[in-house]
Amino acid sequence: MKRTLFATAVLAISAVFNPTLAETIELKLSHFLPSSHPTQKEFLEPWAKELEERTNGQVKVTIFPAGSAFGHVAKQYDQVKAGVVDISHGLTGFPRGRLPRTLIMDLPFLTKSSDTASRALWDLYPDYLAKEYAGLKVLALHAHNPGLIHTRGTQVKSMEDLKGLRLRAPSAAISMMLKQLGATPVGLPPTQVYENLQKGVIDGNVFPYEAVHGFKLSEVLDYHLDAKAYTTSFYFVINEKKYNSLPADVRAVIDDMSGESLVAKFGPWWNSWDKPGIEDIKKKGNPIVTLDDTQREQWRTALIPTTDGYLKGLEEKGVTNAREIYDAAVKAIAKYDQ
């Protein structure tokens, strides 16, 4: 009996000094993109591997992508908050209405790069966005590179060229933008855009270059307007109770791998992820028209009613400082665009 107690004590003490002997901590990480997407290959998998290595194998992360039990785009926020999964990478706009303050970054013609938008989001988080993530510890907020207007059959070079076109829109803000410019926004999952372009159900879409390659859209598109029209934001979060239950050394590793140092990586990542889409377009020979800063300002000015209407709608829904958040976003973006 004494030998058994002694052996147990030795193992317990050894586990303190040798984490490999401690009980393995299993973490579930979910996201909504295919396992082949660079978000998993170049961000989530390396992040999980680094966490495992830096904790000497004490932590093991299992990733659940699109198509898995936890991979639905509209469930990422709820399931991580409920503790069904421990960590989640989700799209801010799904389900609609959950993160209205963060979504202000998605307004048209606000930013010109993933790097600027991501850094600005992180600046805004402590004072303006934190209340949207109650029950969660935010590891990073980020955005993709600004989207283009891609069309089939009709080339768009100006605002007037949009009139009458049916375009797949990624968010409520961009739907409002398209309506104001005379187009008809159509809500479709990204996976259905190719088929609907091919059949003529829609005339185009609003996407970043990355999606052109990811969904093989260059095959069914003819023209591209690089207007840097909008961005879409994302969150990377861990359930707060789960985080607080982790050993202090594990929390310290997660902290070191997250926050500002992680946010700074998304701009270079998205620049890299956009390249295959640009190459697909050039290989096919499709023309790309790029708006300069003066032209973008003309579009932004013309769309002030859209921005004002969107912010007013948020105020009516209880986000009483929506205009203040927008102004703070503009200021943060100007700092990083220099």
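This text goes with the structure placed above it.
Residues numbered from 1 in each chain as written. Predicted model: local features only at pLDDT ≥ 70, side-chain atom pairs only at ≥ 80, totals over all residues. Heavy atoms only, no water.

Turning our attention to the pairing of strand β2 (residues 59–64). Sheet topology places strand β1 (residues 25–31) next to β2; 6 bridges connect them, and they run parallel. Looking across to β2, one finds that Leu-29 is bridged to Ile-63. For the crossover that starts at β1, traverses helix α2 (residues 38–54) and ends in the parallel β2, the hand is right-handed. (Pairing = 2+ DSSP bridges. Helix = DSSP H or I, 4+ residues; strand = E, 2+ residues; numbered from the N terminus. Right-handed = clockwise from strand over helix to strand, strands pointing away.)

Attention now moves to the packing of aromatic side chains. Across all of its chains, the model carries 16 aromatic pairs by this definition. Judged by centre distance (5.6 Å) and plane angle (35°), the ring pair of Phe-109 and Trp-299 falls under tilted. Remark: Trp-299 occurs in helix α12 (residues 293–302) and Phe-109 occurs in the loop between β3 (87–91) and α4 (114–129); sequence separation between them is 190 residues. When its relative accessible area of 5% is taken as the criterion, Phe-109 is described as buried. Between the aromatic rings of Phe-234 and Trp-270, the centroid separation amounts to 6.3 Å while the plane-to-plane angle is 25°, which identifies the pairing as stacked. Here the residue Phe-234 occupies a position in strand β10 (residues 233–239), and Trp-270 occupies one in helix α11 (residues 266–284), the gap between them amounting to 36 residues. Like Phe-234, the residue Trp-270 is buried in the burial classification. Ring pairs connect the aromatic residues Phe-32, Phe-43, Trp-47, Phe-234, Phe-236, Phe-266, Trp-269, Trp-270 and Trp-273, which therefore count as one cluster. (Phe/Tyr/Trp six-rings, centres within 6.5 Å; stacked < 30°, edge-to-face > 60°. Buried < 20%, exposed > 50% of the residue type's maximum accessible area, 1.4 Å probe, protein only.)

Here we come to the nonpolar core. Generally speaking, soluble globular proteins have nonpolar side chains that are buried together. In this structure, Trp-47, Leu-51, Met-105, Tyr-133, Leu-141, Phe-236 and Ile-254 are the most contacted members of the largest nonpolar core, which totals 69 residues. Per element, the largest residue contribution to this core is 8 residues, and it comes from α4. For Phe-236, the contacting residues outside a window of four places in its chain are Leu-29, Phe-43, Leu-44, Trp-47, Ile-87, Ser-88, His-89, Lys-137, Val-138, Leu-139, Ala-140 and Leu-262. Membership of the second largest hydrophobic core comes to 21 residues, among which are Ile-149, Val-156, Leu-167 and Leu-303. (Core = buried A, V, L, I, M, F, W, Y, C linked by side-chain atoms within 4.5 Å. Contact = heavy atoms within 4.5 Å.)

Moving on, we come to the environment of Leu-165. Structurally, the position occupied by Leu-165 is in the loop between β5 (148–151) and β6 (166–168). Among the residues examined, Leu-165 registers a relative accessible area of 8% and is labelled buried. Along the backbone, Leu-165 and Leu-51 are 114 residues apart, and their C-alpha atoms lie at a distance of 47 Å. Filtering out sequence-adjacent residues up to four positions away, Leu-165 remains in contact with Thr-151, Thr-154, Val-156, Ala-183, Thr-184 and Asp-203.

So, about the packing of α2 against helix α9 (residues 248–257). The contact between α2 and α9 brings their axes to 10 Å, and the two run at 145°. The handedness of the crossing between α2 and α9 comes out as right-handed. Two secondary-structure elements touch here, α2 through Trp-47, Glu-50, Leu-51 and Arg-54 and α9 through Val-253, Ile-254, Asp-256 and Met-257. Residues of the contact of α2 with α9, tallied by class, amount to 5 nonpolar, no polar and 3 charged. (Axes fitted to C-alpha atoms, helices over the stretch in contact; angles between N-to-C directions. Left-handed = near helix turned anticlockwise from the far one by under 90°. Nonpolar A, V, L, I, M, F, W, Y, C, P; charged D, E, K, R; others polar.)

A word on the pattern of salt bridges. The tally for this structure, following the rule as stated, stands at 15 salt bridges. Here Arg-101 makes a salt bridge to Glu-132, at a shortest N to O gap of 3.4 Å. Of this pair, Arg-101 sits in the loop between β3 and α4 while Glu-132 sits in the loop between α4 and β4 (136–143), placing them 31 residues apart in sequence. Looking at Glu-132, the relative accessible area reads 5%, which means it is buried. One salt bridge connects Lys-228 with Asp-226, and the closest N-O pair in it is separated by 3.5 Å. On the basis of relative accessibility, which here comes to 23%, the residue Lys-228 falls in the partly exposed class. Residue class for Asp-226 comes out buried when judged on its relative accessible area of 9%. If you follow the salt bridges from partner to partner, you end up with Glu-50, Arg-54 and Asp-256 in one network. (Salt bridge = Lys/Arg side-chain N within 4 Å of Asp/Glu carboxyl O.)

So, about the environment of Leu-167. Among the secondary structure elements, Leu-167 is positioned in strand β6. In this structure, the C-alpha to C-alpha distance between Leu-167 and His-213, residues 46 residues apart in sequence, is 18 Å. Apart from the residues lying within four places of it in its own chain, the contact partners of Leu-167 are Ile-149, His-150, Thr-151, Leu-162, Leu-178, Ala-183, Thr-184, Pro-185, Val-186, Asp-203, Gly-204 and Asn-205.

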